[in-house]
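Now for the letters of each chain:
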Amino acid sequence: MHSGCGEAGPADGSRRFRIGIVCTVRLYRDAFRSVLERTNHLQVVDSGHTADDLIRSRCEVDAVLFDIGGGVDLAEIRRLAPAIAPRPVVGFGVDCVEAAVDCVEAGLAGFLPAEGSVADLVATLEGALNGRLFCSPETARRMAERLAARALERPRRSPGPY
């Protein structure tokens, strides 16, 4: 695990978003650090093997990049998302629509498909930092279907103003 909580922002006073990374493979963590820090506005301040590593480090982050590629651990996402809320958790390596929907339901604010590019990664992080979720129309449709199914499962309340 790399810890140290990063350093101060750039000398020109521009905003740099502090990113934490959760990934079991150190080579990937180092590669993401290198790629993100070339943007001049995304700075990796901490990284760890697990969500618990990042939570224990107590580094202040603006967003967390979370490895989904080795298999979706929804329990780990459910622990991390509230621990850093309202800051977003963005998953990378999502390999299918159902996994993306499961991850959003567990607390992800964004996700990068397994075939996503570096430009897609940066756009996904920036979107999540600005409250936007980028996804395919198919994923949006599946999320809407799941929400509708959940609404049918809940007891009905009397209609009222919204």
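About the criteria used
Residues numbered from 1 in each chain as written. Predicted model: local features only at pLDDT ≥ 70, side-chain atom pairs only at ≥ 80, totals over all residues. Heavy atoms only, no water. Helix = DSSP H or I, 4+ residues; strand = E, 2+ residues; numbered from the N terminus. Buried < 20%, exposed > 50% of the residue type's maximum accessible area, 1.4 Å probe, protein only. Contact = heavy atoms within 4.5 Å. Areas by Shrake-Rupley, 256 points an atom, 1.4 Å probe, with all protein chains shown as cover. Core = buried A, V, L, I, M, F, W, Y, C linked by side-chain atoms within 4.5 Å.

A few words on the overall build of the protein chain. For the protein chain, the count of helices and strands is six helices and five strands. A buried classification covers 39% of the 162 residues belonging to the protein chain. Taking the intrachain contacts of the protein chain between residues at least 6 apart in sequence as the baseline, contacts between residues at least 24 apart amount to 66%. Just so you have it, the protein chain exposes about 9300 Å², and 54% of that area is on carbon and sulfur atoms.

Okay, unusual backbone geometry next. Following Ala-85, the chain continues into Pro-86 via a peptide bond in cis, with omega recorded as 10°. Residue position: Pro-86 is located in the loop between helix H3 (74-84) and strand E4 (89-94). In the Ramachandran plot, Arg-58 falls in the positive-phi region, its phi being about 60° despite a non-glycine side chain. Secondary-structure assignment places Arg-58 in the loop between helix H2 (51-57) and strand E3 (63-67).

Membership of the largest hydrophobic core comes to 23 residues, with the highest contact counts inside it found for Val-64, Phe-66, Ile-68, Ile-77, Leu-80, Val-89 and Leu-108. It is helix H4 (residues 97-106) that provides the largest number of residues to this core, a total of six residues. Listed in part, the 17 residues of the second largest apolar core include Val-44, Val-90, Val-122 and Ala-128.

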